[in-house]
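Tertiary structure, described
Below, each chain spelled out in residue letters.
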Amino acid sequence: SNIYFFVPNPKKINVLWAPKKKVLLALHPQHPEHGKREIKTGAGFYIAEEDYKQIVDGKTYRLMNLFNFEKKKGKFVFISEEHDAKLNAPMFHWLPATRDSQKGKVLMPTGTWVEGYIEGNASKLPDGTQIQFERFGFCKKNKGNEFWFTHK
């Protein structure tokens, strides 16, 4: 299954001096023949509430496949683009806070819904498509921006 981003229970952060980028990400890291998808970024990002709660002043964090940032005196500040393992920065899943990110929801096996933002590329898929929401699980697109969780 191709991989897309989903940010459950999102919190918005604005990162000062974040570079605007067009990020090309593999649809499937083990199958380059599946191609790539493009995500455009700005200064605003959605991250999961559980990740947001971990952020403390003075520590470096990484938006997965994008860049490092730090919280300084209550503000989020861009640090660098290169992934540096020595920083030991916790890595967060993200989506840009732009029109390309769509409100969506996933129906869980318990019958409850998890609401959040889905990658715009996933919203354009045909109904019935099986995908993986990275760091969340495998889902089947039902209709519109509604997905059904199938398994981890």
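Conventions adopted
Residues numbered from 1 in each chain as written. Predicted model: local features only at pLDDT ≥ 70, side-chain atom pairs only at ≥ 80, totals over all residues. Heavy atoms only, no water. Helix = DSSP H or I, 4+ residues; strand = E, 2+ residues; numbered from the N terminus. Polar contact = N/O pair within 3.5 Å; in protein donor to acceptor, adjacent residues only side chain to side chain. Contact = heavy atoms within 4.5 Å. Salt bridge = Lys/Arg side-chain N within 4 Å of Asp/Glu carboxyl O. Buried < 20%, exposed > 50% of the residue type's maximum accessible area, 1.4 Å probe, protein only. Pairing = 2+ DSSP bridges. pLDDT = per-residue confidence, 0-100. Axes fitted to C-alpha atoms, helices over the stretch in contact; angles between N-to-C directions.

Attention now goes to the side chain of Glu119. With respect to the element layout, Glu119 can be found in strand 13 (residues 113–119). In this structure the side chain of Glu119 is engaged in a polar contact, spanning 2.7 Å, whose partner is the side chain of Asn121. Beyond its immediate sequence surroundings of up to four residues, Glu119 is in contact with Tyr4, Phe5, Arg37, Ile39, Leu95 and Asp100.

Moving on, we get to the pattern of salt bridges. Taken as a whole, this structure holds two salt bridges when the rule is applied. Note that Glu81 and Lys21 form a salt bridge whose closest N and O atoms lie 2.4 Å from each other. Here Lys21 lies in the loop between strand 3 (10–16) and strand 4 (22–26) and Glu81 lies in the loop between strand 9 (75–80) and strand 10 (91–92), a separation of 60 residues in the sequence. The class for Glu81 is partly exposed, based on a relative accessible area of 32%. Notably, a salt bridge pairs Glu119 with Arg37, separated by 2.7 Å at the nearest N-O pair. A residue pair is termed long-range when its members are at least 10 positions apart, and Glu119 in strand 13 and Arg37 in strand 5 (residues 36–40) qualify at 82 residues. Note on accessibility: Glu119 and Arg37 belong to one class, buried.

When you line up the elements, His93 lands in the loop between strand 10 and strand 11 (95–96). Looking at His93, its side chain comes within polar contact range of the main-chain oxygen of Phe6, at 3.3 Å. In this structure, His93 is in contact with Phe5, Phe6, Val7, Tyr46, Ile47, Asp51, Met64, Glu134 and Arg135, ignoring residues within four places of it in sequence.

Next up on the list: the pairing of strand 9. Taken together, the two bridges between strand 3 and strand 9 define a ladder with parallel strand orientation. Directly across from Val15, in strand 9, lies its bridge partner Phe76. One ladder, built from five bridges, connects strand 8 (residues 67–72) with strand 9; its direction is antiparallel. Within strand 9, the residue paired with Lys71 across the bridge is Phe76. Between strand 8 and strand 9, which follow one another and run antiparallel, lie two residues, and Lys73 among them has a positive phi close to 50°.

Here the protein averages 95 in pLDDT, and 100% of its residues register 70 or above. The spread of mean pLDDT over the elements of the protein runs between helix 2 (residues 120–123), the lowest at 92, and strand 6 (residues 44–48), the highest at 98.

Read from one edge of the open sheet, seven strands run 10-7-8-9-3-6-11, paired in mixed fashion. Edge strands, defined here as strands with exactly one partner in the open sheet, are strand 10 and strand 11.

The next subject is unusual backbone geometry. We note that Asn88 has phi near 50°; this positive angle belongs to a residue other than glycine. Tracing the sequence through the fold places Asn88 in the loop between strand 9 and strand 10. Despite not being glycine, Arg135 shows a phi value in the positive range, around 65°. Within the secondary structure layout, Arg135 lies in the loop between strand 14 (130–133) and strand 15 (137–143).

A few words on the sheet that holds strand 2 (residues 6–8). Strand order in the open sheet formed by seven strands is 1-14-15-16-12-13-2, with mixed pairing between adjacent strands. Both edges of this open sheet fall to strand 1 (2–4) and strand 2, since each of them pairs with a single strand only. The sheet shows a mean angle of 40° between the axes of neighbouring strands, taken without regard to direction.

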